[in-house]
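For reference, the chains in residue letters:
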Amino acid sequence: MSYTALYRKYRPLNFEDVRGQEHIVTTIKNQIRTGRIGHAYLFCGTRGTGKTTVAKIFAKAVNCEQPQDGSPCGECPACKAIAAGNSMNVIEIDAASNNGVDNIREIREEVTYAPTEGRYRVYIIDEVHMLSIGAFNALLKTLEEPPSYVIFILATTEAHKIPVTILSRCQRYDFHRISVNTIAKRLQKLIELEEAQAEEKAVRYIAKSADGAMRDALSLLDQCMAFYMGQKLTYEHVLEVLGAVDTGRFSSMLRAVTGKDITGAMRLMEQLVAEGRDLGQFVNDYTWYMRNLLLLQSSDDMEDVLDMSVENMALLKEECQMISGAQLIRDIRIFSELSSQIRYSSQKRILIEIAIIKLCRPEMEQDQETVLARLEQVEHQVSHQFRDEIASQVSLQLKQQMRQGAIQWQDTAPQQSAEPEEAVNPVLPVAVPEDIRAAVKNWPSIVSAMPGMIRMFMQRAHLSLAGDSGLLIVLDDAIGAEMLSGEEHRQEIADIISKTMGKEIQVQIRVNDTGHAFEEAFVDLKEAIHMEIEYEEEDM
């Protein structure tokens, strides 16, 4: 007899066996019990959360000869035929491979005939978002006025791709990601049914790795049990099969980074590579490890949110004292960007090693976030060494240097007193260049030609001069300035301006980090040419 995969062998046969979707199961059972059955349902949710399973149980329940509290009995001929896939009343369609108009026209022709046995003919269309526009239009009429004996169940992982006209004719049910505890309990029960053994820690790691999908959890369990057939499944076994990394390695990496021990961090990477660990999984898991540290550092009541043992929680609390919040945010950003970079890279190890060196040597980067992290570190060191007025003077001097765009620290002796910085009164130019003047006058039409997100930021931007003949775009929002000053977006903005004006205009973008209002620190071109810029209101 051929082997049956666990996720097929233990697929729920009635509503009581479905886990993690009680809000949907209860509603559907009540509808079946009271006879308030709709003609079209839309099941949405991520993979492996039970959409197709619930659809099949629903199809059995509405055709069951002896339903029990809204759930199918599983013993009558109708239930057995549907479970075996032999029923003419339940038609499953894969929209990924049957997405044309002709496929839907066949359904429209079939629904004109009442079922020869049973009460309802149920059409389960999986991955319905894959249907073509023509197919959706062909389905629309049938959904609008279906025969009383027809039920449509549409399943999809991407509900946003389904036309509104279809959505408005369906009862929508959103399947949630299943919790780690629920998946772990289900796995433990199935392990007992398989007469196998597994450590609780191993089961919970598999449940966590499934990312809310019961089917994925069963597939991972199947894989681990097959590799260690006849043995007790341990936490180390699961890590080895899945190519994952133990939490202790993350702790060692964090301590190497905070201690700026590049050699130690590289040795740890060498061990991971030699053991055949999945480097992509390491990046994702280490990012989550730093995320847990940040959450624990941000609040005292995070023990219930973080799902981990008492020993690991104590270790995290100890490591929270070793690293600042600003550095954690910077490190999470670097590894989050790394996660997308290595996905299709053939040099994963090199990219990871470069990222680790960045973590150990923040002075290698010159962006504002890194400078702030370095400034916080310097302030922390200075405050411990000098607990008098000198500490505040050094901090003020460094902040002023950063605000003025000076990245490297200056070896300058602190002054005895620091006067508050006075506002700078910018000098208006004798004459604004004609090209710049024309660009300012046409600014609303220039902004309207830009794509959505860029347009939103540009509507809030201030206009000034860059040198003698360039246009300086100043934003008060640091996030917007960072995004727009990227080479791709900056060039796109320059191209739109040049195309609109018919001339090439040099464009610079920066954030107003002077500590003063824009009008106090820059030449305001609106005032210089005596005009007001107004934008037409539009839906964003």
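Being a predicted model, the structure only gives us computed values, none of them experimental.

### Re the overall build of the protein chain
Consideration 1: Assigned secondary structure in the protein chain consists of 26 helices and 8 strands.
Consideration 2: Residue burial in the protein chain is summarised as follows: out of 540 residues, 41% are buried.
Consideration 3: A separation threshold of at least 6 residues defines the contact pool for the protein chain, and within that pool the share at least 24 residues apart is 72%.

### What about the confidence of the model for the protein chain?
Keep in mind that low pLDDT regions are not for reading the predicted coordinates in detail.
Consideration 1: The share of residues in the protein chain with pLDDT of 70 or more is 83%, and the mean pLDDT across the chain is 81.
Consideration 2: Low confidence marks residues 405-424, where pLDDT is under 50. Its contacts with residues over four positions away, or in another chain, come to 28 contacts.

### Some details on helix α24 (residues 487-501)
Consideration 1: Over its 15 residues, α24 runs 21 Å from end to end, which matches the ideal 21 Å to within 8%, given 1.5 Å per residue.
Consideration 2: Residues I493, A494, I496, I497, S498 and M501 constitute the buried set of α24.
Consideration 3: Buried positions along α24 lie against α20 (434-441), α21 (443-448), α22 (452-458), β7 (470-475), α23 (478-484) and β8 (507-511).
Consideration 4: After α24 finishes, the residue G502 shows a positive phi value of roughly 75 degrees.

### Comments concerning the packing of helix α9 (residues 200-209) against helix α11 (residues 235-242)
Consideration 1: For the pair α9 and α11, the least separation of the axes is 7 Å and the interaxial angle reads 35 degrees. In the crossing of α9 with α11, the sense of the turn from one axis to the other is right-handed. From α9, K201, A202, Y205, I206 and S209 reach across to α11, where they touch Y235, V238, L239 and L242.
Consideration 2: Looking at the contact of α9 with α11 residue by residue, the class counts come to 7 nonpolar, 1 polar and 1 charged.

### Quick notes on a negative patch on the surface
Consideration 1: The grouping of D476, D477, E519, E520 and E527 at the surface amounts to a negative patch.
Consideration 2: As for its position among the elements, E520 is in helix α25 (residues 518-521).

### Quick word on the sheet that holds strand β2 (residues 90-94)
The strands that make up a sheet pair up through hydrogen bonds in the backbone, lying either parallel or antiparallel.
Consideration 1: Within the open sheet, the 5 strands sit side by side as β2-β3-β4-β1-β5. Their pairing is parallel. Strands with a single pairing partner mark the edges of an open sheet, and in this sheet they are β2 and β5 (171-174). Going across the sheet, the axis of each strand differs from the next one's by a mean of 15 degrees, ignoring polarity.
Consideration 2: When strand β1 (residues 40-44) meets strand β4 (residues 150-156), the two strands line up parallel, connected through 5 bridges. Bridging across to β4, C44 finds its partner in T156.

### A short note on the pattern of salt bridges
Consideration 1: Counted according to the given criterion, the structure contains 23 salt bridges.
Consideration 2: Between K29 and D69 there is a salt bridge; the shortest N-O distance is 3.8 Å. Of the two residues, K29 sits in helix α2 (residues 22-34) while D69 sits in the loop between α3 (51-63) and α4 (77-84), which places them 40 residues apart along the sequence.
Consideration 3: What makes K29 buried here is its relative accessible area of 14%.
Consideration 4: Here R33 makes a salt bridge to D69, at a shortest N to O gap of 3.0 Å.

### What to know about the packing of aromatic side chains
Any pair of aromatic rings gets described here by the distance separating the centres and the angle formed by the planes.
Consideration 1: Under the definition given, this model contains 14 aromatic pairs.
Consideration 2: Aromatic side chains Y286 and F335 sit 5.2 Å apart centroid to centroid with 65 degrees between the ring planes, which places their arrangement in the edge-to-face category. A residue pair is termed long-range when its members are at least 10 positions apart, and Y286 in helix α14 (residues 279-298) and F335 in helix α16 (residues 325-341) qualify at 49 residues. Like F335, Y286 is buried.

### A short note on unusual backbone geometry
Consideration 1: One non-glycine residue with positive phi stands out, namely D69, at about 55 degrees.
Consideration 2: Since its relative accessible area comes to 47%, D69 is described here as partly exposed.

### A word on the nonpolar core
Consideration 1: Counting residues in hydrophobic clusters, the biggest one holds 35 residues, and the most contacted among them are M253, M269, F282, Y286, F335, I352 and I356.
Consideration 2: Contributions of two or more residues to this core are made by α12 (247-258), α13 (262-274), α14, α15 (310-320), α16 and α17 (348-360).
Consideration 3: Considering each element in turn, this core owes the most residues, 8 residues, to α14.
Consideration 4: Aside from chain neighbours lying at most four places away, what touches I352 is M269, L279, F282, V283 and L338.

### Let's talk about the sheet that holds β8
Consideration 1: Reading across from one edge, β6-β7-β8 is the order of the 3 strands in this open sheet, with mixed pairing throughout. For this open sheet the edge positions go to β6 (462-466) and β8, each flanked by a neighbour on one side alone. The sheet shows a mean angle of 30 degrees between the axes of neighbouring strands, direction not considered.

### Remarks on the side chain of D222
Consideration 1: In this fold, D222 is placed in helix α10 (residues 214-227).
Consideration 2: Summary of buried charges: D222 has no salt-bridge partner, and the nearest side chain of opposite charge, K9, is 9.0 Å away.
Consideration 3: A distance of 3.2 Å separates a polar atom in the side chain of D222 from the backbone nitrogen of L6.
Consideration 4: When near neighbours in sequence (up to four residues on either side) are disregarded, D222 contacts Y3, A5 and L6.

Quick notes on the rules
- Residues numbered from 1 in each chain as written.
- Predicted model: local features only at pLDDT ≥ 70, side-chain atom pairs only at ≥ 80, totals over all residues.
- Heavy atoms only, no water.
- Helix = DSSP H or I, 4+ residues; strand = E, 2+ residues; numbered from the N terminus.
- Buried < 20%, exposed > 50% of the residue type's maximum accessible area, 1.4 Å probe, protein only.
- Contact = heavy atoms within 4.5 Å.
- pLDDT = per-residue confidence, 0-100.
- Expected span 1.5 Å × (residues − 1).
- Axes fitted to C-alpha atoms, helices over the stretch in contact; angles between N-to-C directions.
- Left-handed = near helix turned anticlockwise from the far one by under 90°.
- Nonpolar A, V, L, I, M, F, W, Y, C, P; charged D, E, K, R; others polar.
- Patch = residues over 30% accessible without salt bridge, like charges linked within 9 Å, V, L, I, M, F, W, Y side chains within 5 Å.
- Areas by Shrake-Rupley, 256 points an atom, 1.4 Å probe, with all protein chains shown as cover.
- Salt bridge = Lys/Arg side-chain N within 4 Å of Asp/Glu carboxyl O.
- Lys, Arg positive; Asp, Glu negative; His and termini not counted.
- Charge placed at Lys NZ, Arg CZ, Asp CG, Glu CD.
- Pairing = 2+ DSSP bridges.
- Phe/Tyr/Trp six-rings, centres within 6.5 Å; stacked < 30°, edge-to-face > 60°.
- Core = buried A, V, L, I, M, F, W, Y, C linked by side-chain atoms within 4.5 Å.
- Polar contact = N/O pair within 3.5 Å; in protein donor to acceptor, adjacent residues only side chain to side chain.

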